[in-house]
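Residue-level structure breakdown
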Amino acid sequence: QVQLVGSGGGLVQPGGSLRLSCTASGSIYSIDAMGWYRQAPGKQRELVAAPTSGGRTNYADSVKGRFTLSRDNAKNTVYLQMDSLKPEDTAVYYCYAVVSVSSGTTRTYWGQGTQVTVSS
């Protein structure tokens, strides 16, 4: 079994910054990818930042230039640095990890979600 635990959310004023982190633990053979989605009230879950197979990062248009995805492979941890936050960034943020649990077996796991609220 694999667990993802996210942290770093909270209440921040418009224009502020937050850094989310998410750590994977458990029966991990290797981690192929880690990224973030979010879901605002009444809306569908949407991609925020995800690595591509070419080694780049795919960002939602609404966060380009403001959010940065990074990863610490040694710690099985992914980060989302969020700057210049706007009220429309308010959502529950979910990390995910594409994990090889054994040779040839890959599964996607999700974190529990962390609330980010941008408000004055």
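Report on the accompanying structure. (Residues numbered from 1 in each chain as written. Predicted model: local features only at pLDDT ≥ 70, side-chain atom pairs only at ≥ 80, totals over all residues. Heavy atoms only, no water.)

Thoughts on the nonpolar core
Our working definition: Side-chain atoms within 4.5 Å link the members of a nonpolar core, which is a set of buried Ala, Val, Leu, Ile, Met, Phe, Trp, Tyr and Cys residues. Here's how the labels work: a residue is buried when its accessible area is under 20% of the maximum for its type, exposed when over 50%, partly exposed in between, all with a 1.4 Å probe on protein chains only. Working definition: helices are DSSP H or I runs of at least four residues, strands are E runs of at least two. Numbering for both runs from the N terminus. Every residue pair with non-hydrogen atoms within 4.5 Å of one another is taken to be in contact.
Among the nonpolar cores identified, the biggest contains 30 residues, and Leu4, Trp36, Val48, Phe67, Leu80, Met82 and Tyr93 are the most heavily contacted of them. At the level of secondary structure, the elements contributing two or more residues to this core comprise strand 1 (2-7), strand 3 (18-26), strand 4 (30-39), strand 5 (46-51), strand 7 (67-72), strand 8 (77-82), strand 9 (91-102) and strand 11 (114-118). When neighbours within four sequence positions are excluded, phenylalanine 67 is seen to be in contact with Arg38, Val48, Tyr59, Leu80, Gln81, Met82, Asp83, Leu85, Asp89 and Tyr93.

Looking at the pairing of strand 4
A regular strand places its side chains on the two faces of the sheet in alternate fashion. What counts here: A strand pair is defined by DSSP finding two or more bridges across the two strands.
In this sheet, strand 9 lies alongside strand 4 in antiparallel orientation, the contact comprising 9 bridges. Counted as the bridge partner of glycine 35 is tyrosine 96 from strand 9. Note that strand 4 and strand 5 share 3 bridges and pair antiparallel. Following the sheet pairing, arginine 38 is matched in strand 5 by glutamate 46. Here strand 4 folds back onto strand 5 in antiparallel fashion, the turn holding 6 residues, of which glycine 42 has a positive phi close to 75°.

Section: the state of the cysteines
We apply this condition: Criterion for a disulfide: a pair of cysteine sulfur atoms at a distance within 2.5 Å.
Overall, the coordinates contain 1 disulfide when judged by the stated rule. Note on cysteine connectivity: cysteine 22 is disulfide-linked to cysteine 95, with sulfurs 2.0 Å apart. Judged by the sign of its S-S torsion, about 50°, the cystine formed by cysteine 22 and cysteine 95 is right-handed. Note that cysteine 22 is positioned in strand 3 and cysteine 95 in strand 9, a separation of 73 residues in sequence.

Topic: the sheet that holds strand 1
The test is simple: Under this scheme, a helix contributes an axis fitted over its contacting stretch, all axes are lines through C-alpha atoms, and angles between N-to-C directions fall in the 0 to 180 degree range.
Across the sheet, which stays open at both edges, the 4 strands sit in the order 1-3-8-7 with antiparallel pairing between neighbours. Of all the strands in the sheet, just strand 1 and strand 7 have a single pairing partner and so form its edges. Going from strand to strand, the sheet's axes swing by 15° on average, the running direction of each strand aside. Here strand 1 runs beside strand 3; their pairing, made up of 6 bridges, is antiparallel. Note on strand 3: the bridge partner recorded for serine 7 is serine 21.

Concerning the side chain of serine 21
Mapped onto the secondary structure, serine 21 falls in strand 3. Here serine 21 falls in the buried class, since its relative accessible area comes to 18%. Contacts of serine 21, omitting those with residues within four sequence positions, involve Val5, Gly6, Ser7, Trp36, Thr77, Val78 and Tyr79.

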